[in-house]
Amino acid sequence: MGEIIDNPRLRERRFVFSSRHDAGRQLGAFLKTLPALNDPYVLAIPAGGVPIGKEVARALSAPLSLAIVRKIRIPGTTESGFGAVTWDGQVLINEELRAALGLEAPAVDRAIAETRENVSERMTRFTGNRTFPGLVGKTVILTDDGLASGFTMLAALQSIRQKKPARVIVAVPTASLDAAKRVSVHADLVACLNIRSSRMFAVADAYAEWYDLDDHEVLKELEDA
């Protein structure tokens, strides 16, 4: 299990960041206080993780690329997921939640197929289907705007480990305590400024300004980076 480090002054607090860029700048400064991060490479999970990753990469003078992962949405919902699909086609299912929802194989297979298609479209739109960067021996820093359940990040970790990095650090501005613990099992380090242990957790509650980034905004962030 990897270590979890946070900022005790921000623990259990809400609305501690003015925006994703503010959160990314604070996170980048926090990471710079850690022991030397050898050969860092930042991978941001779009959409919300891109402004975070951009600021972290800037702070560490590190390259930035994308780790495109999408939730497998629960049928009939727009936000909730029961797993995730990664850029390289790997699938991670929250089996406990799937069973609790009573989702049978045909519904699961349809949802996975739809998510794979969405991931493929995003790969084309955001990366032009460029080859994924080589990560052997690097310190990979995976960023997102927060961890609610942590399953999207777990899926990314599952794929990244196959690239043989020296270390994998999960760096997020905010997370539920349960998600931080879940992710720490598979990461070398979880760096999270704002950890909250309340049963009702929303990533958005860490931000004074919160909205969903659209594809145009993601592309603009990448151009600026």
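Placed above this text is the structure.
Calculation notes
Residues numbered from 1 in each chain as written. Predicted model: local features only at pLDDT ≥ 70, side-chain atom pairs only at ≥ 80, totals over all residues. Heavy atoms only, no water. Axes fitted to C-alpha atoms, helices over the stretch in contact; angles between N-to-C directions. Helix = DSSP H or I, 4+ residues; strand = E, 2+ residues; numbered from the N terminus. Parallel < 35°, antiparallel > 145°, perpendicular 65-115°, else oblique. Contact = heavy atoms within 4.5 Å. Buried < 20%, exposed > 50% of the residue type's maximum accessible area, 1.4 Å probe, protein only. Arc of directions from axis to C-beta. Salt bridge = Lys/Arg side-chain N within 4 Å of Asp/Glu carboxyl O. Pairing = 2+ DSSP bridges. Core = buried A, V, L, I, M, F, W, Y, C linked by side-chain atoms within 4.5 Å. Phe/Tyr/Trp six-rings, centres within 6.5 Å; stacked < 30°, edge-to-face > 60°.

## Let's talk about the packing of helix α4 (residues 105-127) against helix α7 (residues 215-224)
And then number 1: In the contact formed by α4 and α7, the axes pass within 10 Å of each other and the chain directions differ by 40 degrees. For the element pair α4 / α7, the angle class is oblique. Of α7, the residues touching α4 (which contributes Arg122, Arg125 and Phe126) are Asp215, Val218, Leu219 and Leu222.

## Some details on helix α6 (residues 177-184)
Every α-helical turn comprises 3.6 residues, leaving residues that sit three or four positions apart pointing alike.
And then number 1: Of the residues making up α6, those classed as buried are Ala179, Ala180, Val183 and Ser184. For α6, the angular spread of buried residues about the axis comes to 130 degrees, placing them on one side.
And then number 2: Those residues of α6 that are buried lie in contact with β1 (3-5), α5 (151-161), β8 (167-176) and β9 (189-196).

## Overview of the pattern of salt bridges
And then number 1: For the structure shown, the criterion picks out 12 salt bridges.
And then number 2: With its nearest N and O atoms 3.7 Å apart, the salt bridge here joins Asp205 to Arg14. Of this pair, Asp205 sits in the loop between β9 and α7 while Arg14 sits in the loop between β1 and α1 (20-32), and the two are 191 residues apart along the sequence.
And then number 3: For Arg125, the salt bridge is made with Asp215, and the minimal N-O distance between the two is 2.7 Å.

## Considering the sheet that holds strand β3 (residues 64-66)
And then number 1: Pairing in this open sheet of 6 strands is parallel, and the strands run β1-β9-β8-β7-β2-β3 from one edge to the other. Two strands close off the open sheet at either side, each with one partner strand: β1 and β3. Direction aside, the axes of adjacent strands within the sheet are offset by 25 degrees on average.
And then number 2: Bridge analysis of strand β7 (residues 139-143) against β8 gives 5 bridges, and the strand direction is parallel. Paired with Thr139 across the bridge in β8 is Arg167.
And then number 3: Against the sheet, helix α2 (residues 49-60) contacts β2 (40-44), β3, β7 and β8, and its axis sits at roughly 165 degrees relative to β2.
And then number 4: Sitting on the sheet, α6 is in contact with β1, β8 and β9, with an inclination near 170 degrees to β8.

## Observations regarding the nonpolar core
And then number 1: Counting 51 residues, the largest nonpolar core has Leu43, Trp87, Leu142, Met153, Leu157, Ile160 and Val170 as its most contacted members.
And then number 2: Not counting chain neighbours up to four residues away, the residues in contact with Val170 comprise Leu142, Leu147, Met153, Leu157, Val183, Ala187, Leu189, Val190 and Ala191.
And then number 3: Counting 26 residues, the second largest nonpolar core, distinct from the first, contains Phe30, Ile52, Val56 and Ala57.

## Looking at the sheet that holds strand β5 (residues 81-86)
And then number 1: Reading across the sheet, the 3 strands line up as β4-β5-β6 and stay open at both edges, with antiparallel pairing between neighbours. With partners counted over all chains shown, the strands left at the sheet margins are β4 (69-73) and β6 (91-93), one partner each. Ignoring strand direction, the axes of neighbouring strands in this sheet form an average angle of 25 degrees.
And then number 2: Bridge count for β5 against β6 is 3 bridges, and the pairing is antiparallel. For Val85, the partnering residue across the bridge sits in β6 and is Val91.
And then number 3: Relative to the sheet, α4 contacts β4, β5 and β6, its axis offset from that of β4 by approximately 155 degrees.

## Things to note about the packing of aromatic side chains
And then number 1: Tallied over the full model, the rule gives 3 aromatic pairs.
And then number 2: Aromatic pair Phe17 and Tyr207: ring centres 5.6 Å apart, planes at 45 degrees, arrangement tilted. Pair noted here: Phe17 is in the loop between β1 and α1 and Tyr207 is in the loop between β9 and α7, with a separation of 190 residues, a long-range link.
And then number 3: Its relative accessible area of 1% is what places Tyr207 among the buried residues.
And then number 4: With centroids separated by 5.3 Å and ring planes inclined at 40 degrees, the aromatic side chains of Tyr207 and Trp210 adopt a geometry described as tilted.
And then number 5: Given a relative accessible area of 31%, Trp210 falls into the partly exposed group.
And then number 6: One aromatic cluster is present, formed by Phe17, Tyr207 and Trp210 through successive ring pairs.

Remember that the coordinates give geometry; whether it matters functionally is a separate question.
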